[in-house]
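Take a look at the letters that make up each chain.
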Amino acid sequence: MKRRVLPGLPLALGITLLYVGFIVALPLGALIYKAGTLGLEDYWRIVSSERAVASYRVTAGSAAIATAFNLVFGMALAWVLVRYQFPGKRLVDAIVDLPFALPTAVAGIALTTLFAANGWLGSPLASIGIPVAYTPLGIVVAMAFTSLPFIVRTVQPVLEDLDPALEEAGQSLGGSDWTIFRQVMLPLLAPALMAGVSLSFARSLGEFGAIIFIAGNQPMSTEITALLAFIRLEEYDYQAAAAIASVLLITAFVMLAVTNFLQARALRYTQRS
Amino acid sequence: MSASPSGKPSRVGDTPLVRRTLITLVLLVGAVLVLAPLIVIFAQAFSLGVGAFAATIAEPDTRHAIMLTVIVALIAVPVNTAFGLAAAWAVTKFDFPGKRLLIVIIEIPFSISPVVAGVAYLFVYGLQGVFGPALADANIQILFALPGIVLASMFVTAPFVARELIPLMQAQGRDLEEAATSLGASGWRTFWSVTLPNIRWALLYGVVLCNARVMGEFGAVSVVSGNIRGQTNTLPLHIELLYHDYQTAGAFAAASILTVLALVTIVAKVLLERQGAGRRSRVSVAAPVLLAEGQRP
C-alpha cells in the first residue's frame, strides 16, 4: 500500500457521495421502497398481468430484432470504415454518432414522418404491403436507429488493431476470404461484438422518446413497457407504475452486469492479443 | 496494403466486387436510416416557408421552451461537471474500500430507462413520495417545476463527465500530482496547474456530450415536468406538444434547433477526438477501471 500524499480526498469523496446519494441512490431507493410496499401478491398480479406481459414481449422482441439488425449492419459499417477508402468516409464516420447526439423526441417525429404511410420511405414500403409506422416494425426501426452506434463503435477499434499476419496465414493456407473471415477474424471480433450487442440491447429495452411517436401504442400489440409505466402514472395508479418501473429497473441492473462482464472480457481479450 | 506481385489483392475482402458491394450496401442503409431522418427534419421545418419557420420560433411558447432548456442546461451541466471532477479525483487518486462499487453506481443512470428515472423522482418529491408531503407543507415545489426538471436531467447525465475522466486519469496515474504536492503546491494549485491541463480535452468532451443530452432529454423530464405549456415545457416536450397538436411544421421547426445542436455536438466531438479525447473503444467506464484494478500487482 502506497503512502497517501495527495490532498482532497475528504472534499472529493464528500461531493461524490453526496451527489451519488442524492441524485442517483435516493430516487432508485424510493422506487424500490414504493414497489416493496405493494406486497408480494399485489406486485405479482401487476407485473404478470396480461397487458404487462404483452409489453415485455413487444419490448424484448423488438429489441432483439433491432439488435440483430445492428449486429449485421454495424459489423458491415465498421468493416467498411476500417478497411476501405472511399470519398466521404470521414463524414460517414462522424454521422454514425448522430443517433447518440440527436434528441430522442426529434428522432421519433423524424422517423415517424419518414415511415408513415404517406412518407418518403413509408409510402413505397406500404405499397408493397409493409406498413412501418404504428406497427411493431416501427418500434424496431426506432430501436435500431437509437442503438446503431454501439456495435460500430465497439467493433471498430478491435478491427483496426487486428493483426494482418493472421489473415495472411489464412490466405497462404488457401482459405477463401469468407472462410478466413468466419474462422479467423470473426472469433477475434466476437468479444467486441458481444459487448456491443449487450449495450445495444440494453439501450433498446429502455428507449422511450423515439418509440412512442412511431409505435401505435396499442395495448397488447405495440405498447412498450416504459410507456405502460408512464400510462399508469397518468392514471394516478402509482403502485402499478412503481411495480412496472421496478421490472425495468431490475432488467437494467441485469443488463449492466452482463455488459460490464462482456466489456471486461472484450478488453482483456484485446489486450492479450 | 499493396497488391501482391500476381496482382491479387492481399487482404481479406479487398476484391473489387466485395468492396464495392459492401460500400454501396452500407451507404444505402446508412442513407435510409441516418441521413433520411436528418433531411426530413429540415424539409418539414421549412415546408411552409421561411416565414412560417421564423413565426414558430418567435412564438412565445417556443421561446419560453428554448429559454427553459438553456436554463436547465446552465444549472445541470456545471453541477454535473463539478461532480464528475470530484468523482474522478476521488476514484483515481486514492484507494479506499467500496471504490469499485462506487464506480458501478456512478454508471447506473447510463443503463436505466429515462422513464424509470422520472418515475423514481416522483416517489421522492411527489405527493405520494417520501418527501412529498413535507415539501408540500413547506410550500416548496420540486416536481412540475424547474427543480424537478434539473434533478431529472442531472440523474440521466450523472455519468457523462466522470466516464470520460476516470479512465484517462487512471491511465495518467498519480506521479505528477504527488511530485507537485511534495514540492509544496497546495491541493488546488496541483489540480489547476498539473491535473487540469492534462485532462482539459476529455473534460470538454464530457461537458459537450452532457450538454447535448441535458438539452435533448425527453423521457425523464416528461414524467417530472407536468408538461405545462409556457411554464414547464422544455424544447423536446414542446416538440411533442406541437406534433400532437398537428402543427407538424412547427414541431419540426422546433426540432431543427435541437438538430443543429446535435450536429454542432458531432463536429465538436470529432475535433476533440483529434485532440485525443474520448477513446472510442470505451463505452463503459466500469469495465476498463475494474480491469486495471484487477491487473494491478
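Procedures and definitions
Residues numbered from 1 in each chain as written. Chains lettered and ligands numbered in written order. Predicted model: local features only at pLDDT ≥ 70, side-chain atom pairs only at ≥ 80, totals over all residues. Heavy atoms only, no water. Domains from an automatic or database assignment. Contact = heavy atoms within 4.5 Å. Buried area = accessible area lost by both parts, 1.4 Å probe. Salt bridge = Lys/Arg side-chain N within 4 Å of Asp/Glu carboxyl O. Polar contact = N/O pair within 3.5 Å; in protein donor to acceptor, adjacent residues only side chain to side chain. Nonpolar A, V, L, I, M, F, W, Y, C, P; charged D, E, K, R; others polar. UniProt positions renumbered as here; feature names shortened; annotations may be inferred. Helix = DSSP H or I, 4+ residues; strand = E, 2+ residues; numbered from the N terminus. Buried < 20%, exposed > 50% of the residue type's maximum accessible area, 1.4 Å probe, protein only. Core = buried A, V, L, I, M, F, W, Y, C linked by side-chain atoms within 4.5 Å. pLDDT = per-residue confidence, 0-100. Patch = residues over 30% accessible without salt bridge, like charges linked within 9 Å, V, L, I, M, F, W, Y side chains within 5 Å. Areas by Shrake-Rupley, 256 points an atom, 1.4 Å probe, with all protein chains shown as cover. Axes fitted to C-alpha atoms, helices over the stretch in contact; angles between N-to-C directions. Parallel < 35°, antiparallel > 145°, perpendicular 65-115°, else oblique. Left-handed = near helix turned anticlockwise from the far one by under 90°.

Undergrad: Residue-level account of the domain arrangement of chain B, with values.
TA: Residues and elements named next belong to chain B. As far as domains go, chain B holds domain 1 (12-45) and domain 2 (49-295). Taking only C-alpha atoms into account, the centre of domain 1 sits 31 Å from that of domain 2. Between domain 1 and domain 2, the residue contacts involve six residues of the former and ten residues of the latter. For the pair domain 1 and domain 2, the two sides together bury roughly 640 Å², of which 80% comes from carbon and sulfur. Put simply, domain 1 and domain 2 have zero salt bridges between them. Where domain 1 meets domain 2, there are zero residue pairs in polar contact (both at pLDDT 80 or more). When the residues that make up the side of domain 1 that touches domain 2 are grouped by side-chain class, the tally is five nonpolar, one polar and no charged.

Undergrad: Which residues make up the UniProt feature "domain: ABC transmembrane type-1" (unreviewed entry) in chain B, and what values do they have?
TA: Feature annotation in UniProt assigns "domain: ABC transmembrane type-1" (unreviewed entry) to the following positions: residues 66-272 of chain B. Between the C-alpha atoms that bound residues 66-272 of chain B there is a distance of 26 Å. The span itself is 80% helix and 0% strand.

Undergrad: Go over the environment of A:Ser198, please, and point to the residues and values.
TA: Residue and element names in this part refer to chain A. Examined against the element boundaries, Ser 198 turns out to sit in helix H11 (residues 177-206). Ser 198 sits in the buried class, given a relative accessible area of 5%. As for Ser 198 and Arg 90, which are separated by 108 residues in sequence, their C-alpha atoms are 27 Å apart. Aside from chain neighbours lying at most four places away, what touches Ser 198 is Met 255, Val 258, Thr 259 and Leu 262.

Undergrad: Lay out the nonpolar core with the relevant residues and their values.
TA: Nonpolar side chains tend toward joint burial in soluble globular proteins. Within the largest apolar cluster, 190 residues are counted, with the highest numbers of intra-cluster contacts made by A:Leu31, A:Phe208, B:Phe155 and B:Leu165. In terms of residue count, helix H3 (residues 60-93) of chain B provides more of this core than any other element does, 14 residues in total. Not counting chain neighbours up to four residues away, the residues in contact with B:Leu165 comprise B:Gly84, B:Leu85, B:Ala88, B:Ile199, B:Ala202 and B:Leu203.

Undergrad: Any chance you could break down the confidence of the model for chain B for me, citing the residues and the numbers?
TA: Residues and elements named next belong to chain B. Averaged over every residue, the pLDDT of chain B is 88; the share at 70 or more is 91%. Between residues 280-286, whose pLDDT stays under 50, and residues either more than four places distant or in other chains, the model counts 29 contacts. For the stretch residues 290-297, pLDDT sits under 50, and the model shows 14 contacts to residues farther than four places along the chain or on other chains. With a pTM of 0.91, the predicted complex shows an ipTM of 0.91.

Undergrad: Account for the environment of A:Thr16, naming residues and giving values.
TA: Relative to the helices and strands, A:Thr16 resides in helix H1 (residues 9-36). For A:Thr16, the side chain forms a polar contact with the main-chain nitrogen of B:Ala87, separated by 3.2 Å.

Undergrad: Explain the pattern of salt bridges to me, using residue names and the numbers behind them.
TA: Pairing is possible between side chains that carry opposite charge, provided their charged atoms lie close to one another. Taken as a whole and assessed by the stated rule, the structure comprises 14 salt bridges over all chains. Among the salt bridges present, the one from A:Glu235 reaches A:Arg232, with a minimum N-O distance of 2.9 Å. Between B:Asp95 and B:Arg174 there is a salt bridge; the shortest N-O distance is 3.2 Å. Of this pair, B:Asp95 sits in the loop between H3 and helix H4 (99-111) while B:Arg174 sits in the loop between helix H8 (159-172) and helix H9 (175-182); the two residues are 79 residues apart in sequence, bridging distant segments of the chain. Bridged by salt links that share partners, the residues A:Asp93, A:Asp97, A:Arg153, B:Lys269 and B:Glu273 form one connected network.

Undergrad: Please give an account of a nonpolar patch on the surface that cites residues and values.
TA: The grouping of B:Met67, B:Val70, B:Ile71, B:Leu74, B:Ile75, B:Val79 and B:Leu146 at the surface amounts to a nonpolar patch, some 550 Å² of accessible area in total. Given the relative accessible area of 48%, B:Met67 is considered partly exposed.

Undergrad: Got a sec to walk through the packing of H3(B) against H8(B)? Specific residues and values, please.
TA: Residue and element names in this part refer to chain B. In the contact formed by H3 and H8, the axes pass within 8 Å of each other and the chain directions differ by 30°. By the angle between their directions, the pair H3 and H8 is classed as roughly parallel. Judged by the twist between their axes, the crossing of H3 over H8 is right-handed. In this structure, H3 contributes Asn 80, Thr 81, Gly 84, Leu 85, Ala 88, Trp 89, Val 91, Thr 92 and Lys 93 to the contact, and H8 contributes Val 161, Ala 162, Leu 165, Ile 166, Met 169 and Gln 170. Per-class residue counts for the contact of H3 with H8 are nine nonpolar, five polar and one charged.

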